[in-house]
Amino acid sequence: MRLRGLLKIEPTERESYTFDNQQRYNNLVVNRFDKHFCGEVMGKEPFLQLHNAILNCQMCAAALPLPPTPILQVHPSARLLIAGQAPGRKAHHAGRPFDDPSGDRLRDWLGLNKSDFYDAKQVAIVPMGFCFPGNTFFKSGAKAGQISGDLPPRPECAATWHARLLDQLTQIELTIVLGSHAQAYYLNHSGTVTEQVKRWSYWLEQGKIALPHPSPRNNRWLKQNPWFELEVLPILQEKISRILNSDQA
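Residues numbered from 1 in each chain as written. Predicted model: local features only at pLDDT ≥ 70, side-chain atom pairs only at ≥ 80, totals over all residues. Heavy atoms only, no water.

Description of empty space enclosed by the protein
Here's step 1: Summed over the entire model, instances satisfying the criterion amount to one cavity of 30 Å³ or more.
Here's step 2: The volume enclosed by the largest cavity comes to roughly 110 Å³.
Here's step 3: For the largest cavity, the lining is made up of 13 residues, of which Cys 57, Cys 60, Phe 130, Cys 131 and Cys 157 are closest to its centre.
Here's step 4: Ranked by the residues each element gives to the lining of the largest cavity, the list is headed by helix α8 (residues 156-168), at three residues.
Here's step 5: Grouping the amino acids of the lining of the largest cavity by side-chain chemistry returns 11 nonpolar, no polar and two charged. (1 Å grid on protein atoms, 1.4 Å probe; cavity = no way out; pocket = protein on both sides within 12 Å on 5 of 7 lines; lining within 4 Å. Points joined across faces, edges and corners; volume = space filled by probe spheres on them. Helix = DSSP H or I, 4+ residues; strand = E, 2+ residues; numbered from the N terminus. Nonpolar A, V, L, I, M, F, W, Y, C, P; charged D, E, K, R; others polar.)

Re the pairing of strand β1 (residues 80-83)
Here's step 1: Burial along β1 is two-sided: Leu 80 and Ile 82 facing one way and Leu 81 and Ala 83 facing the other are all buried.
Here's step 2: Bridge analysis of β1 against strand β2 (residues 123-125) gives three bridges, and the strand direction is parallel. Bridge pairing in β2 places Leu 80 opposite Val 123.
Here's step 3: Strand direction decides the pairing type here: β1 and strand β5 (residues 174-178), joined by four bridges, are parallel. Paired with Leu 81 across the two strands is Thr 175, which belongs to β5. (Buried < 20%, exposed > 50% of the residue type's maximum accessible area, 1.4 Å probe, protein only. Pairing = 2+ DSSP bridges.)

Considering the sheet that holds β2
Hydrogen bonding along the main chain pairs the strands of a sheet, whether they run parallel or antiparallel.
Here's step 1: The strand order across the open sheet formed by four strands is β2-β1-β5-β6, and the pairing between neighbours is parallel. The open sheet has two free edges, formed respectively by β2 and β6 (208-211), since each of these has just one partner strand. Shown here is a sheet whose adjacent strand axes are inclined to one another by a mean of 20 degrees, direction ignored.
Here's step 2: Packed on one face of the sheet, helix α13 (residues 227-244) meets β1, β5 and β6 and runs near 140 degrees to β5. (Axes fitted to C-alpha atoms, helices over the stretch in contact; angles between N-to-C directions. Contact = heavy atoms within 4.5 Å.)

What about the environment of Pro 97?
Here's step 1: Checked against the element boundaries, Pro 97 lands in the loop between α5 (89-94) and α6 (101-110).
Here's step 2: Using a relative accessible area of 9% as the deciding quantity, one classes Pro 97 as buried.
Here's step 3: Distance from Pro 97 to Val 126, taken between C-alpha atoms, is 9.1 Å for residues 29 residues apart in sequence.
Here's step 4: Ignoring anything within four residues of it in the chain, the contact list for Pro 97 reads Ile 71, Phe 117, Tyr 118 and Ile 125.

Examining the packing of aromatic side chains
Each aromatic ring pair is described using two quantities: the centre-to-centre distance and the angle formed by the ring planes.
Here's step 1: Scanning the model with the defined rule gives eight aromatic pairs in all.
Here's step 2: Taking the centre distance of 6.2 Å and the plane angle of 80 degrees together, the rings of Phe 98 and Phe 117 count as edge-to-face. In this pair, Phe 98 sits in the loop between α5 and α6 while Phe 117 sits in helix α7 (residues 114-117), placing the two residues 19 residues apart along the sequence. The burial state of Phe 98 is the same as that of Phe 117; both residues are buried.
Here's step 3: What makes Phe 117 buried here is its relative accessible area of 0%.
Here's step 4: In textbook terms, an aromatic cluster arises when at least three aromatic residues are bridged by ring pairs, as seen for Trp 109, Trp 221, Trp 227 and Phe 228.
Here's step 5: Residue placement shows Arg 107 over the ring face of Phe 117; its charged tip is 4.9 Å from the ring centre.
Here's step 6: The ring of Tyr 202 has Arg 199 sitting right over it, with the charged end atom 4.4 Å from the ring centre. (Phe/Tyr/Trp six-rings, centres within 6.5 Å; stacked < 30°, edge-to-face > 60°. Lys NZ or Arg CZ within 6 Å of the ring centre and 35° of its normal.)

Printed below as a string of structure tokens:
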């Protein structure tokens, strides 16, 4: 019973699910849950059993705007892990992650075509939240009532599933961390996304790299930080190519 209590975070009403700042998200996900607890207590569970449990998860049903549709891509042999935010509305309806303009940009950044990107035996895609969390809306001005973006990933997924999934992904050689919520969990470091992206050399030595989210909403960031595409991406693409083609050497 104690284990179940630690794993479960009661969903709140959708209207009240907002975060005052990034620290609140960190407290819910990182501080409330020991990321290695499940693996130590439960041992390694069968992969298919875990995968099916995630795909059939209804934990947040009452708090989601659409029926739960967990979206992820995993296989024990994957060597590249993409840790993202949460699927958007388009991904929810498409049934697979990054099947949108953000995905096109991400694949360009990584130097991967769609065939390789969607090969679960090579690339695992594990967002912080597996289901579309809903939208945020402009509260005032000419755009009041219009969609302004997506809500943050719900914290239940990370608290309940992530450690158990990572226990299965023993062949990962590089973890690509997209956006602030994934950064808080996987890097366990304070600082802005820009600060962590600038530490790309340090993180690569740790088998990780922080990237901005590839959303078109970050076009301004890319214009303000041209060094990212000029300096970081060529090295990242070369490393990914070596990892995924090592069997062919």
